[in-house]
Amino acid sequence: MEIAALILAAGKGTRMKSEIVKVMHPLAGKPMVAYPVAVAKMVGASRIALVVGHQAERVQEYFNRDETISIVLQEEQLGTGHAVACAAEFLAGCDGDLLILCGDTPLITGETLRSLVATHNLHGAAITLLTARLPDPFGYGRVIKGSDGRILRIVEEKDATPVEREIDEINSGIYCVKAAFLREAVTRIGNDNVQQEYYLTDIIGLADEAGLACYSCAVTDPAEVMGVNDRVQMAAAGAVLRGRINEALMLSGVTIIDPATTYIEQGSVIGRDTVIFPNAVIGGGTVIGEGCVIAPSVTITNCRLGDRVQIKAGSVLEESVIHNDVAVGPMAHLRPGTVLKEQVKIGNFVETKKAVIGEGSKASHLTYLGDCFIGKDVNIGCGTITCNYDGKKKHVTIIEDGVFVGSDVQLVAPVTVGKNSLIAAGTTVTTDIPPDSLALSRTPQVNKEGWVKNKRGSGH
Ligand code: UD1
Ligand code: CA
């Protein structure tokens, strides 16, 4: 299907009460406007124009590398009709039909758009409008129809008479229009209304006057056309989008114990038989393999996890790569640049950053591992710290295969620990350790017998 799409996204979104323009607010990990864009592509729109105004640079930057998208600037937001008029140059290049979508209507699906286009083609209409019947139509434009079912005009809430406000069929703001008609009609829209705006909806009245047919196509699920104008509606839209993501994952074989409290962002890939417990937040293009367990209250951002990985409760993982059969947590923090090879075990209160940890190695408790390369089968004792920062620069610690690091060891980088060495508990390592050596830097212990008793006197 050869079709073009125009997406209106210039409004500020005053009701959001935000520094950020409405259409760039994230929903399930993507800006709101990315959803209508994705749906337009899904139905085959090869040319998409985005009308932007408020924080135009912000929107433009997000779509920078997308060649199907052209940006149209609407400097002053004088209404939806004016927004379309600003795209005159884009419209001049369209000959067939055009889809008009709104940047603040993110729940629309490809299936619905396809039926909109099919209805449009069936009637050979000038305009086909996507409508919905809402129990509470407040705030939306109402659809006024003639006895033959054709649409005569749309009246906005603010301009409607009490009788018109009783109409429960609303304008979704989504249309399929003959481009040639639209090009000409938008030049004739006036702003004689309560809001003194140029209403795109006036094209319906214009078509009717010209004897051209306008039809409606009603959505099956009214939730799809919900416009997001404030943060209450944004939360509701977010819940719908997350519900769809969770449903698709569950149907593909992922166990989600409690979908209502599982926050998986758009673009995450999760393998079969992985089990996700409540309050997980998974996003930023994370890929998780098969048979993993993600325990309660885990946050994973932009990570790659292999198969059979266990992430225990309360852990936070960012930009890390985790190979098969690794266990992490509870309450571990993997920061960017962490690579855990197969069968690594990272325990509670362990923080890693730019740390590459070899197969089978373990850091089970209370440890900081930063800027380090750790070999295979290394044991990192409780309380070990890589002292990677000298106040100005970061330095690297290398621990070779088979090393045993005792508890409470500080490794003052840059430093290398040779293969199979043993570092005694409490040691501060300041120089390289040759392979197969014992390193020990504690002060010898002294026991002063009777000292406590003498100091405190006989009364004790
Ligand atoms: C609009 C429709 C209304 C419909 C509702 C559906 C008009 C006059 N009214 O009302 O019939 O029921 O959508 O959600 O069209 N925009 C621009 N430039 C502008 C004004 C708006 O790009 O000058 C964009 C906004 O960023 C937004 C979209 O157009 O994405 C809709 O604008 P909004 O002001 O939210 O219109 P509504 O009052 O909701
Ligand atoms: Ca709106």
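Quick caveat: nothing in here was measured; it's all calculated off a predicted structure.

Before going further, it helps to examine the overall build of the protein. For the protein, the helix and strand inventory stands at 10 helices and 37 strands. Taking 23 Å as the expected radius of gyration for a compact globule of 460 residues, we find that the protein reaches 31 Å, considerably beyond that expectation. Across its three principal directions, the C-alpha atoms of the protein cover 105 × 55 × 45 Å. Each of the 460 residues in the protein was classed as buried or not, and the buried ones make up 48%. Considering only contacts within the protein whose residues lie at least 6 apart along the sequence, 39% involve residues at least 24 apart. Carbon and sulfur atoms make up 52% of the accessible area of the protein, which totals about 21900 Å². Side-chain charges in the protein split into 43 positive and 52 negative, and the spacing between the mean points of these groups amounts to 9 Å.

What follows covers the side chain of Thr201. Among the structural elements, Thr201 can be located in the loop between helix H7 (179-185) and helix H8 (202-209). Thr201 sits in the buried class, given a relative accessible area of 5%. Once residues within four sequence positions are removed from consideration, Thr201 is found in contact with Ile154, Glu156, Asn171 and Tyr175.

This part is about the site of ligand 1. Every one of the 21 residues lining ligand 1 counts as a neighbour, but Gln74, Gly79, Thr80, Glu156 and Asn171 are closest to it. The separation between an oxygen atom of ligand 1 and a polar side-chain atom of Asp104 is 3.3 Å. In this structure, an oxygen atom belonging to ligand 1 sits 2.7 Å away from a side-chain N or O atom of Glu156. Where the shell around ligand 1 is concerned, the elements lending two or more residues are strand S1 (3-9), helix H3 (80-86) and strand S10 (169-178). When the residues that make up the shell around ligand 1 are grouped by side-chain class, the tally is eight nonpolar, 11 polar and two charged.

Here we come to the side chain of Asn388. Mapped onto the elements of the fold, Asn388 is located in the loop between strand S30 (385-387) and strand S31 (397-399). With a relative accessible area of 6%, Asn388 lands in the buried category. Here Asn388 is in contact with Lys353, Tyr368, Gly370, Asp371, Lys393, Lys394, His395 and Ala413, once residues within four sequence places are set aside.

A few words on the packing of aromatic side chains. One pass over the structure, following the stated rule, counts one aromatic pair. Ring geometry for Tyr62 versus Phe63: centroids 5.0 Å apart, planes at 85°, classification edge-to-face. Assessed through its relative accessible area of 39%, Tyr62 is described here as partly exposed. We note Lys394 situated over the ring of Tyr389; from NZ or CZ to the ring centre the distance is 5.2 Å.

In this section: unusual backbone geometry. At the junction of Gly329 and Pro330, the peptide bond is cis and its omega measures out at 5° in the coordinates. In this model, Ala413 is joined to Pro414 through a cis peptide bond whose omega is 0°. Topologically, Pro414 is positioned in the loop between strand S33 (410-412) and strand S34 (415-417). We note that Asp377 has phi near 50°; this positive angle belongs to a residue other than glycine. In this structure, Asp377 sits in the loop between strand S28 (362-374) and strand S29 (379-380). Non-glycine residue Asp408 carries a positive phi angle of around 55°. Among the secondary structure elements, Asp408 is positioned in the loop between strand S32 (404-405) and S33.

A word on the pattern of salt bridges. Tallied over the entire structure, the rule returns 14 salt bridges. Taking the shortest distance from any N to any O, the salt bridge between Arg150 and Asp208 comes out at 3.8 Å. Of this pair, Arg150 sits in the loop between strand S8 (142-145) and strand S9 (151-155) while Asp208 sits in helix H8, placing them 58 residues apart in sequence. Using a relative accessible area of 27% as the deciding quantity, one classes Asp208 as partly exposed. Through salt bridges with shared partners, one network takes in Arg133, Lys145, Asp168 and Glu169.

Examined against the element boundaries, Glu265 turns out to sit in the loop between strand S13 (263-264) and strand S14 (269-270). The exposure class assigned to Glu265 is partly exposed, which follows from its relative accessible area of 25%. For Glu265, the residues in contact, after removing those within four places along its chain, are Ala28, Gly29, Ile245, Ile282, Gly283 and Gly284.

The protein atoms that coordinate the calcium ion (ligand 2) are Asp104 (OD) and Asn229 (OD1), at distances spanning 2.5 to 2.7 Å. Here the residue Asp104 occupies a position in the loop between strand S6 (97-102) and helix H5 (110-123), and Asn229 occupies one in the loop between strand S11 (214-218) and helix H9 (231-251), the gap between them amounting to 125 residues. Pair check on accessibility: Asp104 and Asn229 agree, each one buried.

One rule of thumb: low pLDDT means the predicted coordinates there are not for detailed reading. Residues at a pLDDT of 70 or more form 99% of the protein, whose mean pLDDT is 96. Taking the mean pLDDT of every element in the protein, the minimum, 91, falls on helix H10 (residues 451-456) and the maximum, 99, on strand S26 (residues 339-340).

Once that is clear, we can look at the nonpolar core. In this structure, Leu305 and Ile346 are the most contacted members of the largest nonpolar core, which totals 94 residues. The biggest single contributor to this core is H9, with five residues. Ranked by size, the runner-up nonpolar core spans 35 residues in total, among them Leu98, Ile127, Ile154 and Phe181.

Calculation criteria
Starting afresh in each chain, residues are numbered from 1 along the sequence in its written order. Lettering for chains starts from A, numbering for ligands starts from 1, and both go in the order in which the items are written. Residue-level local features of this predicted model are given only where pLDDT is at least 70; pairs of side-chain atoms are given and counted only at 80 or more, and the full residue set underlies all totals for whole chains, interfaces and linings. Excluded from the side-chain calculations are hydrogens and water; all other atoms, namely the structure's heavy atoms, are used. Secondary structure elements are taken from DSSP: a helix is a run of H or I of four residues or more, a strand is a run of E of two residues or more, and numbering for both begins at the N terminus. Here the globule rule reads 2.2 Å times residues to the power 0.38, and the radius of gyration is calculated from C-alpha atoms. Working definition: with a 1.4 Å probe on protein chains only, accessible area under 20% of the residue-type maximum means buried, over 50% means exposed, and in between means partly exposed. Contacts between residues were defined by any pair of non-hydrogen atoms, one from each residue, lying within 4.5 Å. Only the protein chains shown count as cover for residues, with accessible areas throughout obtained via the Shrake-Rupley method and a probe of 1.4 Å. We score Asp and Glu as negative and Lys and Arg as positive, and we do not count His or the chain ends. To locate a charge, take NZ of a lysine, CZ of an arginine, CG of an aspartate or CD of a glutamate. Here a residue counts as near a molecule or strand whenever at least one of its heavy atoms sits within 4 Å of it. The definition of a polar contact used here is a pair of N or O atoms within 3.5 Å, where within protein one atom must be able to donate a hydrogen and the other to accept one, and adjacent residues in sequence count solely through side-chain atom pairs. When residue character is reported, Ala, Val, Leu, Ile, Met, Phe, Trp, Tyr, Cys and Pro are called nonpolar, Asp, Glu, Lys and Arg charged, and the others, Gly included, polar. Two rings from Phe, Tyr or Trp (for Trp, the six-membered ring) form a pair when their centres are within 6.5 Å of each other. A pair whose planes differ by under 30 degrees is stacked, one over 60 is edge-to-face, and the rest are tilted. Lysine NZ or arginine CZ positioned within 6 Å of the ring centre and within 35 degrees of the ring normal marks a charge as sitting over the ring. By definition here, a salt bridge exists when the distance from a side-chain nitrogen of Lys or Arg to a carboxyl oxygen of Asp or Glu is within 4 Å. Donor atoms (N, O, S) are those found within 2.8 Å of the metal centre, with the cutoff raised to 3.2 Å for Na, K and Ca; water is not part of the atom list, so apparent gaps in a site can occur. pLDDT expresses, on a scale from 0 to 100, how confident the predictor is about each individual residue. Definition of nonpolar core: a set of buried residues of the types Ala, Val, Leu, Ile, Met, Phe, Trp, Tyr and Cys, connected through side-chain atoms within 4.5 Å.

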